[in-house]
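Residue-level structure breakdown
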Amino acid sequence: MIVKVAEQKLPELLTAAAGVEKLYIPVDKSDKVSVFEEYAPGKTLSRKLNTLRSAKDFFFPQVQPMAKFRMEGKKIEVIDTREEPQDFIIFGVRACDVRSFDILDRVFLADPVDTYYESRRKHATIVSWACAEPSETCFCHSFGIDAAAPEGDARMWIAGGWIYLEDLTEKGAELLKALDLPALGADTSDEDAEKEVKAEQDRIHSIQEKLPLYSLKPADNRQKELEIFNSPVWKEFSDKCLGCGSCTFVCPTCQCFDIEDFNDGHTIERYRCWDSCMYKDFTMMAAGTPRKTQLERFRQRFMHKLVYYPIKNDGIYSCVGCGRCLRRCPIHMNIVKVMKALEEDAQCEKKN
């Protein structure tokens, strides 16, 4: 059932949600940048399409303590630094970021389960937000994601001076019930609410259909792994790549990390932090690195997104079309160009 609340009640709605559980919302930090922050009265929900970094930070933080060690002679004390997270709400997550959670789940919740990720995941309630104005860098549609009907525990549309809320899971239903929406003037019996949401979805779809990347479709490359691995496109693109790793740090589905130990002279703290397959010292071992060239590193990133991950996950791609890498790459070298080049390469081979 879709519940309808006047848009002017948004601050009260957020305050009510913060009273149920710890609440995080996207907040503007500048004219161009928004980030997720804990809600406090006076903070305003950002209307920007995407946050600078994705919502994956809530489950897979950029830096995460793992354990501490204290040594006295030959005696080693292991200190568990983990704390059970409180229940929390992530409000205003876009469809692409919500889908990224499923991709990360398939990595971190597969056997053996990553308990650090799992504990954060189970305490979260996700309220998604339909994209009223998809941008030219968006291509979530290419991966079967509907920006007008996002997934999550509950979802929201804001249109025509109204907020529309719909629960999708038991968690979402419990949250909407706890918000006491009738006290905010919500209409739970408005027969026009579904029609109005459908009209808003149609409007969003009409915008998507006009976007330059709307027709972009990833090819099923699972049977062409070696062909694509040996494609000449990798040299052409990798020669231009700076290897800065910006694309990996804004990507909602990248999951590479390094484990470091910090010794303060008394205690050793072990933590993990995001890493990038684009860096030359990634997976460095005593014998060196297995990917010595920029070509090998560049290829690894996009082979994983478009070939390796789909092979292991029933054809699901490790990309959600959020467009962050298109916006952040300093030389505009991104996954869209790779997808198009691989398709052109395949078409050339067919002709020959």
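Residues numbered from 1 in each chain as written. Predicted model: local features only at pLDDT ≥ 70, side-chain atom pairs only at ≥ 80, totals over all residues. Heavy atoms only, no water.

Tallying each qualifying case throughout the model produces 18 aromatic pairs. Measuring from ring centre to ring centre gives 6.2 Å for Phe60 and Phe257, while their planes differ by 70°; the resulting arrangement is edge-to-face. Pair noted here: Phe60 is in the loop between strand E3 (34-38) and strand E4 (63-72) and Phe257 is in strand E10 (residues 257-263), with a separation of 197 residues, a long-range link. A relative accessible area of 1% means that Phe60 is categorised as buried. One cation-aromatic arrangement involves Arg121 over Phe59; the distance from NZ or CZ to the ring centre is 5.1 Å. Above the ring of Phe302, the side-chain terminus of Arg301 is found at 5.3 Å from the ring centroid. (Phe/Tyr/Trp six-rings, centres within 6.5 Å; stacked < 30°, edge-to-face > 60°. Helix = DSSP H or I, 4+ residues; strand = E, 2+ residues; numbered from the N terminus. Buried < 20%, exposed > 50% of the residue type's maximum accessible area, 1.4 Å probe, protein only. Lys NZ or Arg CZ within 6 Å of the ring centre and 35° of its normal.)

Further remarks concern the pairing of strand E1 (residues 2-6). Judged by how many residues are buried, E1 sits mostly within the fold: four of five residues are covered. In this sheet, strand E9 (residues 162-167) lies alongside E1 in antiparallel orientation, the contact comprising five bridges. Bridging across to E9, Ile2 finds its partner in Glu166. (Pairing = 2+ DSSP bridges.)

One can read the domain layout of the protein chain as domain 1 (2-61 + 84-210) and domain 2 (225-256 + 276-351). With centres defined by C-alpha atoms, the gap from domain 1 to domain 2 works out at 29 Å. Residue-level contacts link 24 residues of domain 1 with 27 residues of domain 2. For the pair domain 1 and domain 2, the summed buried area comes to about 2000 Å², and 62% of that belongs to carbon and sulfur atoms. Summed over the three residues of domain 1 that lose the most area to domain 2, namely Ile103, Phe139 and Phe143, the buried surface amounts to 31% of that side. Where domain 1 packs against domain 2, one counts one salt bridge. (Domains from an automatic or database assignment. Contact = heavy atoms within 4.5 Å. Buried area = accessible area lost by both parts, 1.4 Å probe. Salt bridge = Lys/Arg side-chain N within 4 Å of Asp/Glu carboxyl O.)

We now examine the sheet that holds strand E6 (residues 88-93). With mixed pairing, seven strands are arranged side by side in an open sheet as E1-E9-E8-E7-E6-E2-E3. Two strands lie at the open edges of the sheet, namely E1 and E3, each paired on one side alone. Neighbour-to-neighbour, the strand axes of this sheet turn through a mean angle of 25°, independent of strand direction. Inspection of the sheet shows E6 paired to strand E7 (residues 124-129) by five bridges, in the parallel sense. Paired with Val93 across the two strands is Ser128, which belongs to E7. Helix-sheet contacts for helix H4 (residues 170-178) involve E6, E7, strand E8 (154-159) and E9, and the interaxial angle to E9 is about 135°. (Axes fitted to C-alpha atoms, helices over the stretch in contact; angles between N-to-C directions.)

Within strand E5 (residues 75-79), only zero of the five residues are buried, which leaves it mostly out in the open. With five bridges joining them, E4 and E5 adopt antiparallel strand pairing. Residue pairing in the sheet places Lys68 in a bridge with Ile79 of E5. Joining the antiparallel neighbours E4 and E5 is a turn of two residues, in which Gly73 adopts a positive phi near 65°.

The subject of this paragraph is the environment of Thr267. Residue position: Thr267 is located in strand E11 (residues 267-274). Separated by 196 residues in sequence, Thr267 and Met71 have C-alpha atoms that sit 7.3 Å apart.

Residue Pro112 is reached from Asp111 by a cis peptide bond, and omega for that bond is 0°. Looking at where Pro112 falls in the secondary structure, it is placed in the loop between helix H2 (95-108) and helix H3 (115-122). Of note, the phi angle at Asp314 is positive, near 55°, even though the residue is not glycine. In this fold, Asp314 is placed in the loop between helix H9 (294-312) and helix H10 (324-328). Overall, Asp314 belongs to the exposed group, its relative accessible area being 70%.

The next subject is a nonpolar patch on the surface. A cluster of nonpolar residues, Met71, Ile76 and Val78, forms a patch on the protein surface that exposes about 310 Å² of accessible area. Here Met71 lies in strand E4. Residue class for Met71 comes out partly exposed when judged on its relative accessible area of 48%. (Patch = residues over 30% accessible without salt bridge, like charges linked within 9 Å, V, L, I, M, F, W, Y side chains within 5 Å. Areas by Shrake-Rupley, 256 points an atom, 1.4 Å probe, with all protein chains shown as cover.)

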